[in-house]
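# Residue-level structural notes
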Amino acid sequence: MKGMKKELITLRVNNEDYEIFTYPNKTLLEVLREDLMLTGTKEGCSEGACGTCTVLMDGKPIRSCLMLAVEAQGKDITTIEGLSEDDELHPIQKNFIEQGAIQCGFCTPGMILTAKALLDENPRPTEDDIKVAISGNVCRCTGYAKIVKAIKESSK
Amino acid sequence: MKKFDYLKPTSLDEVFSLMEKFGSNAKLIAGGTDVMVLLKRKRIFPDVLISLRSVPNMAYIKDEKDKIRIGSMTTHRELETSTVIKEKLTALYDAVINLGSVQIRNVATIGGNIANAAPSADTACPLLVLDASCLLISSKGEREVELKDFFIAPGETVMKQDEILKEFIIPKPSKLSGSAYWKLSRRKAMDLPILGVAISLAMNEDKSIKKARIGLGVAAPTPIRAFKAEEFLTGKFLTDEVLAEAGNIASKEASPRDSIRGEAWYRREMIRVLTKRVATISFKRANIV
Ligand SMILES: Cc1cc2nc3c(=O)[nH]c(=O)nc-3n(C[C@H](O)[C@H](O)[C@H](O)COP(=O)(O)OP(=O)(O)OC[C@H]3O[C@@H](n4cnc5c(N)ncnc54)[C@H](O)[C@@H]3O)c2cc1C
Ligand code: FES
Ligand code: FES
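Quick summary incoming for the structure in this document. Not measured: the values here are computed from a predicted model. (Residues numbered from 1 in each chain as written. Chains lettered and ligands numbered in written order. Predicted model: local features only at pLDDT ≥ 70, side-chain atom pairs only at ≥ 80, totals over all residues. Heavy atoms only, no water.)

Another aspect to go through is the interface of chain A and chain B. Contacts between chain A and chain B engage 31 residues on the former and 27 residues on the latter. Three residues stand out in chain A for area buried against chain B, namely Met4(A), Leu66(A) and Glu71(A), and they jointly supply 24% of the buried area on that side. Across the chain A-chain B interface, the total number found is four salt bridges. Between Glu71(A) and Arg53(B) there is a salt bridge, with its nearest N and O atoms 3.8 Å apart. Breaking the side of chain A that touches chain B down by element, the ones donating at least two residues are strand S4 (60-63) and helix H3 (108-121) of chain A. Looking at the side of chain A that touches chain B, the element that brings in the most residues is S4(A), giving four residues. (Contact = heavy atoms within 4.5 Å. Buried area = accessible area lost by both parts, 1.4 Å probe. Salt bridge = Lys/Arg side-chain N within 4 Å of Asp/Glu carboxyl O. Helix = DSSP H or I, 4+ residues; strand = E, 2+ residues; numbered from the N terminus.)

Time to look at the site of ligand 1. All names here are of chain B. Taken together, 35 residues lie around ligand 1, and Leu28, Ala30, Thr33, Asp34 and Thr109 are the ones closest in. In this structure, leucine 28 approaches ligand 1 through a main-chain N or O atom, which is 2.7 Å from an oxygen atom. Protein contacts shield 93% of the accessible area of ligand 1, which totals 980 Å² for the unbound molecule. Secondary-structure elements contributing two or more residues to the shell around ligand 1 are strand S2 (26-29), helix H2 (35-40), helix H7 (110-115) and strand S10 (164-171). Its residues assigned to classes, the shell around ligand 1 shows 17 nonpolar, twelve polar and six charged. (Near = heavy atom within 4 Å. Polar contact = N/O pair within 3.5 Å; in protein donor to acceptor, adjacent residues only side chain to side chain. Areas by Shrake-Rupley, 256 points an atom, 1.4 Å probe, with all protein chains shown as cover. Nonpolar A, V, L, I, M, F, W, Y, C, P; charged D, E, K, R; others polar.)

Residue and element names in this part refer to chain B. Of all the positions in helix H1 (residues 12-22), only Leu12, Val15, Phe16, Leu18 and Met19 are classed as buried. One side of H1 holds all its buried residues, which, seen down the axis, span an arc of 165°. For H1, the exposed residues lying more than 90 degrees away from the buried face are Asp13, Glu20 and Lys21. Residues of H1 that are buried in the fold lie against strand S1 (5-7), S2, strand S3 (48-51), strand S6 (133-138) and S10. Glycine 23 sits one or two residues past H1 and shows a positive phi near 50°. (Buried < 20%, exposed > 50% of the residue type's maximum accessible area, 1.4 Å probe, protein only. Arc of directions from axis to C-beta.)

Looking now at the packing of aromatic side chains. Two aromatic rings, taken as a pair, are described by how far apart their centres are and by the angle between their planes. Residue and element names in this part refer to chain B. According to the stated counting rule, one finds two aromatic pairs over all chains in the structure shown. With a centroid separation of 5.5 Å and 80° between ring planes, the pair formed by phenylalanine 150 and phenylalanine 151 is classed as edge-to-face. As far as the burial class goes, phenylalanine 150 and phenylalanine 151 line up, both buried. Pairing tryptophan 265 with tyrosine 266 gives two aromatic rings, centres 6.0 Å apart and planes at 75°, and the pair type is edge-to-face. You can call tryptophan 265 exposed: its relative accessible area is 55%. The exposure class assigned to tyrosine 266 is partly exposed, which follows from its relative accessible area of 28%. Lying across the ring of tyrosine 60, lysine 62 places its NZ or CZ 4.2 Å from the centre. The ring of phenylalanine 232 carries lysine 236 above its face, with NZ or CZ at 4.2 Å from the centroid. (Phe/Tyr/Trp six-rings, centres within 6.5 Å; stacked < 30°, edge-to-face > 60°. Lys NZ or Arg CZ within 6 Å of the ring centre and 35° of its normal.)

We now examine the pairing of strand S12 (residues 195-203) of chain B. Residues and elements named next belong to chain B. Where burial is concerned, most of S12 is hidden: nine out of the nine residues are buried. Along S12, one buried face is formed by Leu195, Val197, Ile199, Leu201 and Met203 and the opposite face, lined by Gly196, Ala198, Ser200 and Ala202, is buried too. For strand S11 (residues 177-184) and S12, the ladder comprises eight bridges, and the chain directions are antiparallel. Across the sheet, alanine 180 pairs through a bridge with isoleucine 199, a residue of S12. The pairing of S12 with strand S13 (residues 209-217) spans eight bridges and is antiparallel. Residue pairing for S13: alanine 198 is matched across the bridge by glycine 215. The turn linking S12 back onto S13 is made up of five residues, and lysine 207 within it adopts a positive phi angle of 70°. (Pairing = 2+ DSSP bridges.)

Structure, rendered in structure tokens:
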């Protein structure tokens, strides 16, 4: 259709700037996974309901499946790939492994980023604060108890 | 998703001229949490999305002398973390803390929630009982519409094609008043209400009711006020009998339907239960000793 052309957009992801030539109807999730090959961010429902596509935008958790990539320009995006430093995992990642909070791992990137945003805002959350924070992230495997424990451990 | 152009106007004037240029081929987008889902489900097919996110001064909470103004682009998370909302507009606070999840609340706006006009919109009942008005603006000027006159049908409002929702204007609740909202749902987070009930009460010194407002969500094709139940409560003392009768009247004013979330008879029953419960909380919050 007339006028609907690809655009050059710039995104800042994990402290690096990228230029991408894409359509305005592409979601941030699609661009992260398909153009930038950052496949740590997962697609579950694609309708905002499951939380697997959670990334941080200016430090705040958002659903990348409901965010158009064009709208994410000028913001700082953090994906799960951006948490480790060199070969060292982030403490929250380590605690997820140590506490057995990962089974299939599909929910894990979204859970960890949501947990990071919580801990950055509130370094000593109660168990209830943790449960409220992750209430938009679905896990089909773990039963959540170990995830809550891993986040709790990370707050010490 | 269908292809579309994405426009990011940086002033209201620019928004209006784009709206005029593209007419019904354009769709406004705020946080996009409703619009994106509609696009993905192929329920809407705009050629152009006009984003309101780059327009300055659209997100604010202004605590004025006798009014509170909330900009339409204010996110639910901004409302949730505002002490003005938590302390003065408690029914609205009750609604935003359980709306979607934090990832939704970080982007979804109060203007989008109301303009979308779903019968289940969580902020609608609280704004109704807080006597909110909507400030609508277009290139031709502005007008104020009381929220009780704003909704026409599911997804339909009195807003004209060239208008946008600029802000909500809420009279500051008087002393000796309290408000609350109860979202009946299977889970608190990530679930739309089966039923929503908001009540605000302004009390007299002698503990009789000076003014009552009851808002019902998912109880009719649009969020509604239960005017007869409000009138019944006025001047009364909050006894069990009075509350039970107010619940009966409110339940009769509703016209709920059967849906996947719940059946009509259940909603009617729960309007009785929740009217009593929410009025009791509002009364406690009025802090009358
Ligand atoms: C997973 C999920 C969970 C949700 N949970 C809830 C919930 O618990 N409770 C609830 O009530 N809702 C819920 N919603 C619905 C949605 O998040 C809210 O309705 C939200 O407030 C919409 O705001 P938005 O800024 O995202 O609107 P958008 O999607 O950007 O817009 C919604 C509509 O309003 C119009 N619009 C937006 N702003 C304006 C304006 N200023 N002037 C004129 N028109 C305008 C748009 O054109 C569109 O028609 C949920 C959605 C998702 C995806
Ligand atoms: S894929 Fe985005 S919330 Fe499910
Ligand atoms: S570990 Fe499998 S979904 Fe959470």
